[in-house]
Amino acid sequence: MSAVFSAARSAVKGGGAVGGRKLQAVIIAVVLLASTATSVIALGLLVNAHGPFDRAFAQRSGADVTAAVDTSVATRSQIAATTRLAGVTAAAGPYLGVLATARVTVPGVPGSSSDSLRLVGRSSPDGPVDDLTMDEGHWPANDGQIVMARGAAVFTGSTVTVGSNQLTVVGIAESVTGTADGWVLPAEVAALTGRANPAQAQMLYRFANAGSTSAITADIAELRAALPRGALLNNPASYLSVRQSEESIIAPWVPFIVAFGLIALVISVLIVVNVVSGAVTAGTARIGVLKSIGFTPEQVVASYVLLVAMPALAGCAVGAVAGNVLAEPVLNANAHIYQVGALGVPLWVDIAVPLAALALTVIGAVPSALRAGRMSAVQAIASGRAPRSSHGYIAHRMLARIDSLPRAVTLGLADPFARPARTMMTLVAILFGAAAVTFGAGLAISLDRVVADNPNTALPVTVSLNRVGQGQSSLSLGQQHSVVSALAAEPGTLHYLTETDGNVSLPGLSESASVTAYGGGNPAWSGYTLISGRWYSGSPGAAEVDVNTPFLTDTGTSVGSAYTFGSGGHRVTVRIVGQVFAPGQNPSAYMSAATLAATEHGATEPQEFDVAVRPGISPSAYANTVSGVLGSSYQASLSGGSRTLNAVLALIAMLTILIMVVAGLGVLNTVALQIRERAHDIGVFKSIGMTPRQTLAMIVCSVTFIGFVAGIAAIPAGVYVHHGVVPVMAHAANSGYPASLVSVYATWQLVLLALAGLVIAVAGALGPAGWAASTRTVFALRAE
Amino acid sequence: MSELIRLDGVTKRYDNAAAPAVADVSLAMYPGEAVAIMGPSGSGKSTLLNLIAAMDRPTSGAIWVGDDRVDMLSETAAARFRRRQVGMIFQFFNLLDDMTVIDNVLLPAQLAKARASVARKRASELLDVLRISHRRDAYPARLSGGERQRVAIARALMNKPAVLLADEPTGAVDTAAGEEIGALLLELNAAGQTLILVTHSPDLAARYSRRVIAIADGRIASDTPLRGAGR
């Protein structure tokens, strides 16, 4: 075997010139590096998107379904009977609980905040279902103590006041599916309930069949059937919604990275096949020599496979390391979400991906290597060089008749026909590269629209009271008049909305919905795009709301549904008239100030004015001017941007460039092989007067047609991938999507993108073409 | 008569440690001459031909062809010089396999951006003169050695070069074809075409040239005018 290894190693070291095997080895190593790195990132993220939640869910016996039961409708025995239903494998509860409006005071922080909290009475954090994890402190030992859920902006020592009851936070715990905002001893619940906030019974279930939404829906239907009508409050929460919500930060990244990874792998295999095929073709005489000195066909095959495997192995190893380094920032974000310490690319991914890439490479190399093994020694030595096929003669003949084009150009254009198989593989590699460009560009436009279809962009200036460190306060009627006067006097004002933010409880669900109420103008000015339906009517008594996708998913509603909000004991039924594109983990609702006032059972003054400025006006300068007019009691500031989306855009750009480089290397390899095979012909061309510029033009033109065709074909391919991936990303982000997010390509953009293939082809060809153009005629003529 | 080609102290080294391929060669050639450069293998005669054709650059010395100082030309200028001034004939023809006879012959004119109609007329005339017009649409692989060399000569003459450089033009053809090629070259010279012929055969040199420059170890060993060459 050492002879085989030695033959392969010397072959790699042998060629220094363009088209030499040293260059081919570098190309193989680089393309494998790029594709392995991309695949490691993709698979690493994919695994980590699901892994931590599933692990925690299994370890802590997370609740498949969390249900709130109206104890005034169902009796204790009827509730207990649901735990014995056929599909139920484990159950916990009933835990009496209450939805209450609470004031939270944190030591050292001035003032207090008001929030709607779901408080549940449990005697211990343990249980057959939803085994809670204590992060800090201890479980309540006496009345007047509460454990708050992880993520609340409190710590031990804070106080939570419900009505006249003051509770001290003695610990922080986590429920894997977020079944409550806080836990007290069961005896405490009675003290917290009242006419405005009656007790509910929380039931936690695990089912034998809970792997899909349809299975969970069937389980809930079984529960509903087992209880009296109206006992089950709204739609019980499914762990699938929680999982999807938890994953929604990292999950949207995965689909496009997987798409890029697959594209990179396909290109790599094509390039490797081209490299080995070219090495066999160009090394015919060498094969003959190897056989004449005693190499068996198997040893010849092995030496050619090793020729590829050695640089491929190096590329895969470095690619795996690079993939880990590049995946780290994204995984760190995920680790932060689950608070599971450091997350890394699993070891099996680090082993499996490079091995798979290497295996694909070797498989790609085998057919050509087998061809080398079958070649007879006499035939190989006698030919002395690659036997030239008669392909492409007709193309040469026809193109020579086109007098309107320079001869160097027609010579180049005829070249791809000489080796149709290689041409096809190069074309497909460019096609994939150009498709990645079309896909990446479309993705960038889509994400740009996500940024643009956002209040921070549409209403870039926010005017509110200046109360540093005291939280956001509502503006009194007089203060609102002052702001309105200031905005009206400022010529840069385009329009504005008043904004009131709050939370409303979603009966039957552990989570609450954030509410934004706009006043003083058209809600469409908010910048949000509607996925379906229409904006709410602001007329008094309309009771209409628009909601985001998580709201519809979590509450099991759709556009047109009626839904009952609960705040404390107060219930208001509204009609959902539109679905707003507002990706995120939490349900959100958008309504008029009047509807919010009805929901909150009282007047709600705005907390801020959101202002759009006229075109050409700098939001920053505008904010400074308004601040100056209003004085120090107010602040006019710029709305925040999205760092995450900027990071994603940067990642898309990086992956697109990476794939373009890989595809360009494929072209470089093809052109290098072509020059190696046609070195003598190039010498002849030069000897009869072909200038370096004509030589360059001839060689570059040999791939321009391929690049042009690939670029055209890449447009539908890239658009198809974009149209497939964007909905998957939106789904992973727990959101629907407006049509404008998919229909992003303008005709002029498609025309420009169609040139991507040409750019890849020309960029890949320029290096070797430049080398061939500058080579001295005598050197080229001697080359064989 | 003014010189067409002049070499002043031309030396060419491929390797500083080794002996030069051409060593301090000075000579002059005149329009209409038929000069044979003769010497054994490795004597430097082909290197000398390549230097005159600006296909390679001397290590030192100066080379003039007409008004061009060819050793100072850039690669682009050298290519243009070859188009205009030089026609090259090689031992192994160096025809392009994937092009027909007519396309091979047309190529120098097309690279020189000559008018297509003029170039086609010239190519047809040359194929007629060289008695190969009946094979104009054949590919080189289908031609005999003699036919291939006649195509190569036609291609070399396409742009009406000042000098025809032939490197062992009969070395890869049989005797009869060699005679035919030799006769053709003489005819061309008789019509005024300057011809420089590289050969290792004294007999060939004597028959097809009027002046023989013998080269040994890269140096001029002798420079002898002949009488009645080819007759």
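Just above, that's the structure.
Residues numbered from 1 in each chain as written. Chains lettered and ligands numbered in written order. Predicted model: local features only at pLDDT ≥ 70, side-chain atom pairs only at ≥ 80, totals over all residues.

Draft legend 1. Up close: the overall build of chain A. Scanning chain A from terminus to terminus reveals 25 helices and 20 strands. Out of the 784 residues belonging to chain A, those deemed buried represent 53%. Sequence-distant contacts in chain A: of pairs separated by 6 or more residues, those separated by 24 or more amount to 84%. (Helix = DSSP H or I, 4+ residues; strand = E, 2+ residues; numbered from the N terminus. Buried ≥ 20, exposed ≤ 12 C-beta atoms within 10 Å, placed from the backbone. Contact = placed C-beta atoms within 7 Å.)

Draft legend 2. Molecular detail of the pairing of strand E5 (residues 145-149) of chain A. All names here are of chain A. Burial within E5 is extensive, with four of its five residues counted as buried. Sheet topology places E5 next to strand E7 (residues 165-174); five bridges connect them, and they run parallel. Across the sheet, Ala149 pairs through a bridge with Ala173, a residue of E7. Where E5 and strand E8 (residues 182-184) come together, two bridges link them in antiparallel fashion. Its bridge partner being in E8, Val147 is matched across the sheet by Trp183. (Pairing = 2+ DSSP bridges.)

Draft legend 3. Up close: the sheet that holds strand E10 (residues 219-225) of chain B. Residue and element names in this part refer to chain B. Read from one edge of the open sheet, six strands run E6-E7-E8-E3-E9-E10, paired in mixed fashion. Strands with a single pairing partner mark the edges of an open sheet, and in this sheet they are strand E6 (86-89) and E10. If you compare each strand with its neighbour and ignore which way they point, the axes differ by 15° on average. When strand E3 (residues 34-38) meets strand E8 (residues 194-199), the two strands line up parallel, connected through five bridges. In the strand pairing of E8, Val35 is matched with Ile196. Where helix H5 (residues 145-157) meets the sheet, it contacts E6 and strand E7 (163-167), and its direction lies at approximately 170° from that of E6. (Axes fitted to C-alpha atoms, helices over the stretch in contact; angles between N-to-C directions.)

Draft legend 4. Local environment of the sheet that holds strand E2 (residues 22-29) of chain B. Residues and elements named next belong to chain B. The four strands lie next to each other as E2-E1-E4-E5, forming an open sheet whose pairing is antiparallel. Of all the strands in the sheet, the pair left with one neighbour each is E2 and strand E5 (68-69). Sheet topology note: the strand E4 (residues 60-65)/E5 ladder contains two bridges and is antiparallel. Along E5, the bridge assignment pairs Trp64 with Arg69.

The values reported here are purely geometric and, on their own, carry no functional implication.
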